[in-house]
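So you can see what is in the structure, the chains are spelled out below.
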Amino acid sequence: MTNLLKSCTAALACLSFATQGIAAETLKALGKGEGAVSIVAWAGYIERGETDKNYDWVTDFEKETGCKVSVKTAATSDEMVSLMNEGGFDLVTASGDASLRLIAGKRVQPINTDLIPSFKTVDERLQNGPWYTVGGVHYGVPYLWGPNVLMYNTDAFKDKAPTSWNVVFEEETLPDGKSNKGRVQAYDGAIYIADAAMYLMAHKPDLGIKDPYELTEDQYKAALDLLRGQRKLVSRYWHDAMIQIDDFKNEGVVASGSWPFQVNLLQTDKQKIASTFPEEGVTGWADTTMLHADSEHPNCAYMWMEHSLKAKVQGDAAAWFGAVPSVPAACKGNELMGDAGCATNGFDHFDKIKFWKTPVAKCATQSECVPYHRWVSDYIGVIGGR
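Residues numbered from 1 in each chain as written. Predicted model: local features only at pLDDT ≥ 70, side-chain atom pairs only at ≥ 80, totals over all residues. Heavy atoms only, no water.

Per an unreviewed UniProt entry, the protein is named Spermidine/putrescine ABC transporter substrate-binding protein, and its organism is Rhizobium chutanense. For the record of the protein, the UniProt heading Subcellular location (unreviewed entry) holds the text "Periplasm". (UniProt positions renumbered as here; feature names shortened; annotations may be inferred.)

What follows is the structure in structure tokens.
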């Protein structure tokens with residue numbers, strides 16, 4: 001945790017320079033593949049058919065390019081930043097709470113979109129996303145996006161979807177007649193403070209929170225107090241998707257913020273699981289495939305970025321993870337996604353999702369906000385009972 005905190009602090013110390021752009025050299029022409037490409041990715045993002053043979057967007061790429069794909073799964077954005085700081089990887093599928101830190105820390109390099117023909121097919125809402133575009137320069141290509149949903153056990157809630165996040169933040173008796181204490185989970189990542197702030201936006205409007213990632217000292221303290229109270233209810237702070245799946249199957253967990261990935265796998269396994277968008281709204285992620293500043297395999301990396309934007313890959317990946325593709329063409333004609341898949345996964349709710357972003361001191365909605373390095377250290381304290 002100490003090294004993680006140092007890496008977060010170092011990157012954020014120079015974050016203010018990110019808005020001025022970083023004019024690093026970009027690749028001018030695509031050369032011969034180097035034979036390999038290594039990717040830091042979220043669980044479920046890079047599949048080669050090992051879990052389900054229908055979901056494989058790696059094998060054909062390797063055959064076509066000769067670039068062998070290796071994947072390091074990361075459980076949180078902070079872990080991704082730490083791994084990229086250490087080096088040895090070519091690409092990372094970074095969420096919005098990591099991407100600007102990576103740009104500011106000069107861990108990723110600008111992308112020449114002319115070498116990625118499929119970039120022009122990307123959803124216009126994403127083509128210049130502020131979480132990866134700085135000073136008009138693109139530092140990656142969009143991959144997938146989606147919401148952090150409330151996942152719940154349908155037996156515990158008597159087949160009626162909970163309408164509020166209060167089922168994970170405040171002690172109460174659930175529809176099955178039992179307390180939620182010890183039966184809920186919370187995300188093991190400092191960005192989860194934003195979920196508490198979002199909840200307070202709806203339930204304590206007098207706090208004046210306008211953006212859950214831009215908090216004054218008083219607003220921030222209120223969010224931490226809510227999380228300290230939640231700690232008494234939480235059975236586990238999760239960051240490993242597969243462990244959370246096991247907890248819902250075998251450990252009596254009945255409600256938690258989650259990703260559609262876990263919901264899909266549990267439903268495929270015939271578990272009594274569903275998900276919902278509570279009335280307070282949801283946080284979410286818009287993820288970008290970014291190229292390491294010291295990539296050893298830049299040609300293979302560019303080939304992967306182009307491959308990742310193919311409509312078939314986008315549709316298959318979105319279907320597997322329960323996400324929304326960054327290429328709208330993937331929404332029609334994909335056998336695995338189905339023509340209703342994009343609508344089901346939230347394509348039309350883009351403006352309703354409070355996407356992850358890195359909290360900074362100089363923020364837009366307040367005169368001064370609590371920066372992310374404080375979020376990291378304080379959330380470690382919350383989990384530790386402080």
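Before going further, it helps to spend a moment on the sheet that holds strand β7 (residues 149-153). Taken in spatial order, the five strands make up an open sheet running β9-β8-β10-β7-β11, and their pairing is mixed. Bordering the open sheet on either side are β9 (234-238) and β11 (273-276), each of which pairs with just one other strand. The sheet shows a mean angle of 30° between the axes of neighbouring strands, taken without regard to direction. Against the sheet, helix α8 (residues 241-250) makes contact with β7, β8 (184-187), β9, β10 (255-258) and β11, and its axis sits at roughly 160° relative to β10, the strand it touches most. (Pairing = 2+ DSSP bridges. Helix = DSSP H or I, 4+ residues; strand = E, 2+ residues; numbered from the N terminus. Axes fitted to C-alpha atoms, helices over the stretch in contact; angles between N-to-C directions. Contact = heavy atoms within 4.5 Å.)

Let us now look at helix α13 (residues 372-383). With twelve residues, α13 should reach 16 Å at 1.5 Å per residue; the first-to-last C-alpha distance of 17 Å fits that figure. Within α13, burial applies to Y372, W375, V376, Y379, G381 and V382. Positive backbone phi, approximately 85°, marks G385, located one or two places after α13. (Expected span 1.5 Å × (residues − 1). Buried < 20%, exposed > 50% of the residue type's maximum accessible area, 1.4 Å probe, protein only.)

All right, on to the pairing of strand β1 (residues 36-41) then. Each regular strand displays side chains that alternate between the two surfaces of the sheet. Within β1, five of the six residues are buried, which leaves the element mostly enclosed by the surrounding structure. Taken together, β1, helix α2 (residues 59-65) and strand β2 (residues 68-73) constitute a β-α-β crossover, and its handedness is right-handed. Strand direction decides the pairing type here: β1 and strand β3 (residues 91-94), joined by two bridges, are parallel. In the sheet register, I39 faces β3, and the bridge partner there is L91. (Right-handed = clockwise from strand over helix to strand, strands pointing away.)

Locating A196 in the fold gives a position in helix α6 (residues 193-203). Along the sequence, A196 and Y220 sit 24 residues apart, while their C-alpha atoms lie 9.4 Å from each other.

Once that is clear, we can look at the domain arrangement of the protein. According to the domain assignment, the protein consists of domain 1 (36-146 + 285-353) and domain 2 (149-258 + 358-384). Between the C-alpha centres of domain 1 and domain 2 there is a distance of 27 Å. On the domain 2 side, the residues contacting the eight residues of domain 1 number nine residues. Buried area between domain 1 and domain 2, both sides added, is near 660 Å², and the carbon and sulfur share of it is 54%. For the domain 1 face of the interface with domain 2, the top three residues by lost area are A75, D78 and D97, together amounting to 55%. Where domain 1 packs against domain 2, one counts zero salt bridges. Where domain 1 meets domain 2, there are three residue pairs in polar contact (both at pLDDT 80 or more). Sort the elements by how many residues they give to the side of domain 1 that touches domain 2 and helix α4 (residues 96-104) lands first, with four residues. Along the lines of polarity and charge, the residues of the side of domain 1 that touches domain 2 split into three nonpolar, two polar and three charged. (Domains from an automatic or database assignment. Buried area = accessible area lost by both parts, 1.4 Å probe. Salt bridge = Lys/Arg side-chain N within 4 Å of Asp/Glu carboxyl O. Polar contact = N/O pair within 3.5 Å; in protein donor to acceptor, adjacent residues only side chain to side chain. Nonpolar A, V, L, I, M, F, W, Y, C, P; charged D, E, K, R; others polar.)

Within the structure shown, the criterion is met by 26 aromatic pairs. Ring centres 4.7 Å apart and planes at 45° place the aromatic pair Y55 and W320 in the tilted group. A residue pair is termed long-range when its members are at least 10 positions apart, and Y55 in the loop between β1 and α2 and W320 in helix α11 (residues 311-321) qualify at 265 residues. You'll find Y55 and W320 in the same group, each marked buried. Seen in terms of ring centroids, Y220 and W375 are 6.2 Å apart; in terms of plane orientation they differ by 35°. Their pairing is tilted. With a gap of 155 residues between them, Y220 in helix α7 (residues 217-231) and W375 in helix α13 connect regions that are remote in the sequence. Take Y220 and W375: they sit in the same class, and that class is buried. (Phe/Tyr/Trp six-rings, centres within 6.5 Å; stacked < 30°, edge-to-face > 60°.)

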